[in-house]
Amino acid sequence: HNEHRRHTLWPQPYFRGQWQSCPFGIRKPARLQPRATLGKSRQKTELTVALTATRYQLIASVSLVALIALCLVWEGWLAPLRPGGSWLILKAVFLLPPLFGIFRGKRYTYKWLSLFIQFYLLEGALRATSDAGMSQWLAMAETLLAAIIFVTTILYIRATRAPQTEKSAQPS
């Protein structure tokens, strides 16, 4: 009668069966059968997570391309620090390495880009408060794009993390 009992927090029944040994001395049940109603909701959740992650990837990709274009146009033609352009145009070069990893959806690239993009957020906020005219508006746009990239990379990382496995009761 124990196989029909369910734990209050876990959707799986209590496990009384064979155990499969795993690396590092961790033991897990050889097979747990999900409930019939749980299978459809898991499929629906996985589909929702995939669609959500795809949206975050699209928003991050578009924002990153827009930020690269903004950096090039800003420091090259619209409002360079010196007439004729400045060396700050090279700040767009540092955004090229994560571009292909973001396009491919590599989680590691999203992780380090979320740390790296904060420099652009800081530079945009600094120049938005210290510059005037066109440069101030471009700095606010850079701050907005960097904030969008930061938020979407964090959301993508959270949406694509591995699902947490349920812990089963271990025999004593």
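Keep in mind it's a predicted model, so treat the numbers as computed, not measured.

Q: Before we go on, may I ask you to explain the pattern of salt bridges in this structure?
A: Two side chains of opposite charge can pair, provided their charged atoms sit close to one another. A full pass over the atoms with the stated rule returns six salt bridges. The salt bridge involving Lys91 is made with Glu142; its shortest N-O contact spans 3.7 Å. Of this pair, Lys91 sits in the loop between helix H1 (36–78) and helix H2 (97–104) while Glu142 is found in helix H4 (residues 134–159), placing the two residues 51 residues apart along the sequence. Exposure class is identical for Lys91 and Glu142. Each is buried. Of the charged contacts, one joins Arg127 and Glu123 as a salt bridge, the two residues approaching to 3.1 Å between their closest N and O atoms. A residue pair is termed a helical-turn pair when its members lie 3 or 4 positions apart in one helix, as Arg127 and Glu123 do in helix H3 (residues 107–130) at four residues. Overall, Arg127 belongs to the buried group, its relative accessible area being 6%. In this structure, a network of salt bridges that share partners links the residues Glu75, Lys91, Glu123, Arg127, Asp131 and Glu142.

Q: Where do I start with the confidence of the model for the protein chain in this structure?
A: Any region with low pLDDT has predicted coordinates that should not be read closely. In this model, the protein chain carries a mean pLDDT of 81, and residues with pLDDT of at least 70 account for 70%. Long-range and interchain partners of residues 17–38, a stretch whose pLDDT sits below 50, account for 33 contacts in this model, where long-range means more than four residues apart.

Q: Can you walk me through the packing of aromatic side chains in this structure?
A: Two numbers describe a pair of aromatic rings. These are the distance of the centres and the angle of the planes. The full count for this structure, using the stated rule, is five aromatic pairs. The ring centre of Trp74 lies 4.2 Å from the NZ or CZ of Lys91, which sits over that ring.

Q: In this structure, what is going on with the environment of Arg158? I would like to understand it.
A: For Arg158, the location among the structural elements is in helix H4. C-alpha separation for the pair Arg158 and Arg107, spaced 51 residues apart in sequence, amounts to 9.9 Å.

Q: Looking at this structure, how should I read the nonpolar core?
A: Side chains of a nonpolar character, in soluble globular proteins, are inclined to be buried together. In this structure, Leu64, Leu67, Leu95, Ile117 and Tyr120 are the most contacted members of the largest nonpolar core, which totals 26 residues. Among the secondary structure elements, those contributing two or more residues to this core are H1, H2, H3 and H4.

Q: Where do I start with the packing of H3 against H4 in this structure?
A: Packed helices, taken two at a time, are described by the angle between their axes plus the distance between the axes. H4 packs onto H3 with a crossing angle of 155° between their chain directions and a minimal axis gap of 8 Å. Here H4 runs roughly antiparallel to H3, going by the angle between their axes. With respect to the hand of their crossing, H3 and H4 are arranged in left-handed fashion. Tallied by class, residues from the contact of H3 with H4 come to 16 nonpolar, seven polar and five charged.

Q: Just checking my understanding: could you explain the side chain of Gln57 for this structure?
A: Counting through the fold element by element, Gln57 comes out in helix H1. Within the local environment of Gln57, its side chain forms a polar contact with the backbone oxygen of Ile102, the two atoms lying 3.1 Å apart. Once residues lying within four places of it in the same chain are set aside, the contact partners of Gln57 are Ile102, Phe103, Arg104, Gly105, Tyr110 and Tyr156.

Reading the values: the criteria
- Residues numbered from 1 in each chain as written.
- Predicted model: local features only at pLDDT ≥ 70, side-chain atom pairs only at ≥ 80, totals over all residues.
- Heavy atoms only, no water.
- Salt bridge = Lys/Arg side-chain N within 4 Å of Asp/Glu carboxyl O.
- Helix = DSSP H or I, 4+ residues; strand = E, 2+ residues; numbered from the N terminus.
- Buried < 20%, exposed > 50% of the residue type's maximum accessible area, 1.4 Å probe, protein only.
- pLDDT = per-residue confidence, 0-100.
- Contact = heavy atoms within 4.5 Å.
- Phe/Tyr/Trp six-rings, centres within 6.5 Å; stacked < 30°, edge-to-face > 60°.
- Lys NZ or Arg CZ within 6 Å of the ring centre and 35° of its normal.
- Core = buried A, V, L, I, M, F, W, Y, C linked by side-chain atoms within 4.5 Å.
- Axes fitted to C-alpha atoms, helices over the stretch in contact; angles between N-to-C directions.
- Parallel < 35°, antiparallel > 145°, perpendicular 65-115°, else oblique.
- Left-handed = near helix turned anticlockwise from the far one by under 90°.
- Nonpolar A, V, L, I, M, F, W, Y, C, P; charged D, E, K, R; others polar.
- Polar contact = N/O pair within 3.5 Å; in protein donor to acceptor, adjacent residues only side chain to side chain.

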